[in-house]
Amino acid sequence: MVSVIYYPGYSQTQVHMNLIVQDIASITNSFPATVTTVNDHGYVAGMMVTFLIPIQFGMIELNNLIVQVLQVTSDTLTINIDSTSFTPFAYPSPLPSAYTPPSVIPNNSGPYLPPLPLPYGNQDSFEGVIYNNGAF
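Now for a look at the structure at hand. In this text the structure is predicted, and so the values were computed from the model without any measurement. (Residues numbered from 1 in each chain as written. Predicted model: local features only at pLDDT ≥ 70, side-chain atom pairs only at ≥ 80, totals over all residues. Heavy atoms only, no water.)

Going through the model one piece at a time under the given rule, you end up with four aromatic pairs. With a centroid separation of 6.2 Å and 20 degrees between ring planes, the pair formed by phenylalanine 57 and phenylalanine 89 is classed as stacked. One end of the pair, phenylalanine 57, is in the loop between β5 (48–52) and β6 (66–72); the other, phenylalanine 89, is in the loop between β7 (76–79) and β8 (103–106), and 32 residues separate them in sequence. For the pair shown, phenylalanine 57 and phenylalanine 89 are each scored as buried. Their ring planes at 90 degrees and their centres at 6.0 Å tell us that phenylalanine 89 and tyrosine 91 sit as a pair that is edge-to-face. (Phe/Tyr/Trp six-rings, centres within 6.5 Å; stacked < 30°, edge-to-face > 60°. Helix = DSSP H or I, 4+ residues; strand = E, 2+ residues; numbered from the N terminus. Buried < 20%, exposed > 50% of the residue type's maximum accessible area, 1.4 Å probe, protein only.)

Moving on: the sheet that holds strand β4 (residues 33–37). Strand order in the closed barrel formed by six strands is β3-β4-β7-β6-β5-β8, with antiparallel pairing between adjacent strands. Direction aside, the axes of adjacent strands within the sheet are offset by 45 degrees on average. (Pairing = 2+ DSSP bridges. Axes fitted to C-alpha atoms, helices over the stretch in contact; angles between N-to-C directions.)

On to a nonpolar patch on the surface, then. A surface patch of nonpolar side chains, about 330 Å² in accessible area, is lined by Val38, Tyr91, Leu95 and Tyr99. Inspection of the secondary structure assignment puts tyrosine 91 in the loop between β7 and β8. (Patch = residues over 30% accessible without salt bridge, like charges linked within 9 Å, V, L, I, M, F, W, Y side chains within 5 Å. Areas by Shrake-Rupley, 256 points an atom, 1.4 Å probe, with all protein chains shown as cover. Salt bridge = Lys/Arg side-chain N within 4 Å of Asp/Glu carboxyl O.)

For a regular strand, side chains alternate in direction, first toward one face of the sheet and then toward the other. Alignment of strand β3 (residues 22–27) against β8, held across two bridges, turns out to be antiparallel. Within β8, the position partnered with aspartate 23 by the bridge is serine 103. Of the strand pairs in this sheet, β5 and β8 are connected by four bridges, and their pairing is antiparallel. Paired with valine 49 across the strands is proline 106, a residue of β8.

This brings us to the side chain of threonine 37. Structurally, threonine 37 can be placed in strand β4. Among the residues examined, threonine 37 registers a relative accessible area of 2% and is labelled buried. A polar atom in the side chain of threonine 37 sits 2.6 Å from the backbone oxygen of asparagine 39. (Polar contact = N/O pair within 3.5 Å; in protein donor to acceptor, adjacent residues only side chain to side chain.)

What follows is about the side chain of threonine 50. If you trace the backbone, threonine 50 turns up in strand β5. With a relative accessible area of 14%, threonine 50 lands in the buried category. If near-sequence neighbours (up to four positions away) are discounted, threonine 50 is found in contact with Asn64, Leu65, Ile66, Ser103, Val104, Ile105 and Asn107. (Contact = heavy atoms within 4.5 Å.)

Next up, the structure:
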């Protein structure tokens with residue numbers, strides 16, 4: 001995912017590799033809940049995520065909730081949700097031939113990253129620029 005961040009006088013493009021929707025392999029019924037993703041996710045502690053869980057997978061109580069990630073490993077997220085009373089999460093058997101996979105969707109890029117320095121001096125200056133072909 002690429003985003004443009006605007007700062008006074010200039011803008012900067014940032015590439016966020018951690019902003020990738022991940023398929024969910026499992027979710028525990030615990031407090032705090034632990035979500036295991038199919039692939040390594042690249043998420044960081046502190047970021048907010050949303051869940052998209054189709055009804056046939058259970059744990060629909062988590063669907064569309066925005067929650068904070070407390071801890072991460074390469075393929076797990078610990079989230080600040082008490083899922084002990086939620087319906088259990090499980091892949092249906094047999095798996096339908098066409099279905100939407102359960103997913104975790106990042107809502108932000110994690111901690112604030114300060115802007116990179118300007119590549120050369122006076123880049124934010126508009127001195128000598130003629131606007132609108134000199135017409136007022």
